[in-house]
Amino acid sequence: MNGTPRRGPEPGELAELVRLLPPPGDPELSDGRHHLLKEHLMLQIQEPATAPRRAKGRRFALLAAPLAAAAVAAGLFVGLPGGGETSSSPVAKPADEGGATVLLERISLAAAHQSAPPVRPDQFVYVKSKVAWTTRTGNGPRVPQPLREREVWLPQSPGKRGLFRQAGGKEIVLVGTEEDLTYRKLAALPTEPGALLAGVYAKIPKSGKTATPAARNAAAFQELGRLLTEQILPPRLAAAVYRAAAKIPGVLVVPDSADAAGRHGVAVALVANGERNEWIFDKKTLTYLGERGYMVEDTKLAKKGMVTAATAVLRRGVVNKAGELPGKP
């Protein structure tokens, strides 16, 4: 058709069109994702050449969790019971893709690659640790107790007696093991994080002290933490515990904390009722070191700054008899 030719846009019109276009996407990965994928690659490279190949689905599952740049807050000085020093309240960001989620995924990857021999029903799990908690008399306030060393030999068959030793062997008491914490029972727990966490919440009462969502979240965090102390976990379950914890609302990162043995590490924590409960990990190996409880505000039972719990796992092992020590690690 004959007609007036269409003219191109004037320079001013072209600039206006460019301004209205959406900005181009950024194809670069975040620093946090680069770092996490690099760590996973290094873990794969370091595995023995003779190790059996893992199923592709498992490797994909390890990489499928949300990953992003880490963004944690400033560190804090940590005081232990009897040290005469307490830390100030920290400034830490809540759990998200840039904080506790990334850290717990890194810890999960490390746990999945750690070796842990199966424990037979006729054997004992040995754990040596340092501990200090608070006690109460009647309706009185919480009172910190002195730091002490303890050893336990936990039987892996219900009804079988184990051994508990405290204060350098001055006190010896026979103990049993909760049936749900034997290696056989632990190995039967779900290793899918969502299913594991759902099972934990299902056991928490919906009334009384755990009636509110915040209280239920704190109870779930504490229940998962119970699995980390005086047990030996199958690697896949250990990995699931950390990934399940990342799903609990309110979990945050404490960049610097210290266990009962004075070992510094990075921690994940949850605050409830004025108290922060922390799981502490070695900053290099990401292995579990211990736990710490700390008051971040005044309550009727404790003052801000009080260390309410301090533990440090010094040694774990599997032995055939109560009272026997495992071989050198």
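This text goes with the structure placed above it.
Just so it is clear, the structure is predicted and the values come from calculations on it, not from any experiment.

(A) Representation of the pairing of strand E4 (residues 163-166). Note that strand E3 (residues 148-155) and E4 share 4 bridges and pair antiparallel. Directly across from Arg-150, in E4, lies its bridge partner Gln-166. Strand direction decides the pairing type here: E4 and strand E5 (residues 171-173), joined by 3 bridges, are antiparallel. Bridge pairing in E5 places Gln-166 opposite Glu-171.

(B) A look at the environment of Ser-115. Structurally, Ser-115 is set in the loop between helix H4 (100-112) and strand E1 (124-135). The spatial distance from the C-alpha of Ser-115 to the C-alpha of Pro-234 is 8.5 Å, given a sequence separation of 119 residues.

(C) The arrangement of the side chain of Arg-276 in detail. With respect to the element layout, Arg-276 can be found in strand E8 (residues 275-281). Of the residues examined, Arg-276 reaches a relative accessible area of 1% and is grouped as buried. At a separation of 2.7 Å, a polar atom in the side chain of Arg-276 contacts the side chain of Glu-278.

(D) Quick look at the pattern of salt bridges. The final tally for this structure, using the stated rule, is 11 salt bridges. Salt-bridge contacts for Arg-150 lead to Glu-230; the nearest nitrogen and oxygen are separated by 3.1 Å. A residue pair is termed long-range when its members are at least 10 positions apart, and Arg-150 in strand E3 and Glu-230 in the loop between helix H7 (213-226) and helix H8 (235-245) qualify at 80 residues. Here Asp-259 ties to Arg-263 by a salt bridge, and the two come within 2.6 Å at their closest N and O atoms. The exposure class of Asp-259 is buried, given its relative accessible area of 0%. Several salt bridges converge on common partners, so that one network encompasses Arg-276, Glu-278 and Arg-292.

(E) View of the pairing of E3. When you tally the buried positions in E3, you get 6 out of 8 residues, the bulk of the element. Looking at chain direction, E1 and E3 are connected through 8 bridges and run antiparallel. Bridge pairing in E3 places Val-127 opposite Val-152.

(F) A look at the packing of aromatic side chains. All told, the structure shown has 5 aromatic pairs when counted by the stated rule. When the ring of Tyr-126 is compared with that of Trp-153, the centres are 5.1 Å apart and the planes differ by 50°; the resulting orientation is tilted. One end of the pair, Tyr-126, is in strand E1; the other, Trp-153, is in strand E3, and 27 residues separate them in sequence. Residue classification places Tyr-126 among the buried residues on the basis of a relative accessible area of 1%. Note on Trp-153: relative accessible area 0%, which makes it buried. Aromatic pair Tyr-242 and Phe-281: ring centres 5.4 Å apart, planes at 80°, arrangement edge-to-face. Of the two residues, Tyr-242 sits in helix H8 while Phe-281 sits in strand E8, which places them 39 residues apart along the sequence.

(G) Expanded view of unusual backbone geometry. A positive phi is found at Asn-273, a non-glycine position, where the angle reads about 55°. Tracing the backbone shows Asn-273 in the loop between strand E7 (264-272) and E8. Not every positive phi belongs to a glycine, and Leu-286 is a case in point at roughly 65°. Its location among the elements puts Leu-286 in the loop between E8 and strand E9 (288-295).

About the thresholds
- Residues numbered from 1 in each chain as written.
- Predicted model: local features only at pLDDT ≥ 70, side-chain atom pairs only at ≥ 80, totals over all residues.
- Heavy atoms only, no water.
- Pairing = 2+ DSSP bridges.
- Helix = DSSP H or I, 4+ residues; strand = E, 2+ residues; numbered from the N terminus.
- Buried < 20%, exposed > 50% of the residue type's maximum accessible area, 1.4 Å probe, protein only.
- Polar contact = N/O pair within 3.5 Å; in protein donor to acceptor, adjacent residues only side chain to side chain.
- Salt bridge = Lys/Arg side-chain N within 4 Å of Asp/Glu carboxyl O.
- Phe/Tyr/Trp six-rings, centres within 6.5 Å; stacked < 30°, edge-to-face > 60°.

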